[in-house]
Every structure is written in C-alpha cells, then in structure tokens.
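# Fold and geometry: a report
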Amino acid sequence: MEKIEFQPAEGGESAWLFVVEETRVNGVSYLLVTETEEAEAEAYILKDTSKDGESEAAYEFVDDDDELEAVSKIFAELLEDVDIEL
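Residues numbered from 1 in each chain as written. Predicted model: local features only at pLDDT ≥ 70, side-chain atom pairs only at ≥ 80, totals over all residues. Heavy atoms only, no water.

This part covers the environment of D48. In this structure, D48 sits in strand β4 (residues 43–48). Of the residues examined, D48 reaches a relative accessible area of 21% and is grouped as partly exposed. Along the chain, D48 and A58 lie 10 residues apart, while their C-alpha atoms are 5.6 Å from each other. Setting aside chain neighbours within four positions, we find D48 in contact with V28, S29, A57, A58 and Y59. A polar atom in the side chain of D48 sits 2.6 Å from the side chain of S50. (Helix = DSSP H or I, 4+ residues; strand = E, 2+ residues; numbered from the N terminus. Buried < 20%, exposed > 50% of the residue type's maximum accessible area, 1.4 Å probe, protein only. Contact = heavy atoms within 4.5 Å. Polar contact = N/O pair within 3.5 Å; in protein donor to acceptor, adjacent residues only side chain to side chain.)

Below, the structure is given as structure tokens:
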C-alpha cells in the first residue's frame, strides 16, 4: 500500500496516510486513505484541489455530504470486499 504524507494547509502536524484506492470522477481525483494498514481502520476520502500544471498535489478532506456519499459508492464498487460506512 502506498504511504503519503498529508500536511494540513492551515498548518499543524503532518500525518502519514495509506492509500487504499484512487479514482477520478468528473475530472477530479479522489483518494481513499486510512491511518493504518489494519482491516478495521477508519477511512477518509480526499479530493485533489491542485491546479493543472502544479508539481505537487493538494488534497482536502471531502466534507460535503452529497459528494462524500457519491464517491463512497464508487469506492465501494471498486473494493467489493470492503464495507464503507458513512
């Protein structure tokens, strides 16, 4: 599993996250990440907010309920053996 460093835009302590899956919806990239590699880990969905041509990706946690539900369904289909609860 790929491991990425997440640094909050507003400062604060960075965190290492494991990328479980990634997908692209309507031209926007999303990551399904966890803090550990354990099977029962809490998962988060991150959205790529970087501009075209930027050398580093900028991700934010998805907090819009409709967007979160739609992208969660896509990840659930991609990962048939994983149960995603909102």
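On the surface, E10, E60, D63, D64, D65 and D66 cluster together into a patch of negative charge. Residue position: D63 is located in the loop between β5 (59–61) and α1 (65–78). Since its relative accessible area comes to 66%, D63 is described here as exposed. (Patch = residues over 30% accessible without salt bridge, like charges linked within 9 Å, V, L, I, M, F, W, Y side chains within 5 Å. Areas by Shrake-Rupley, 256 points an atom, 1.4 Å probe, with all protein chains shown as cover. Salt bridge = Lys/Arg side-chain N within 4 Å of Asp/Glu carboxyl O. Lys, Arg positive; Asp, Glu negative; His and termini not counted. Charge placed at Lys NZ, Arg CZ, Asp CG, Glu CD.)

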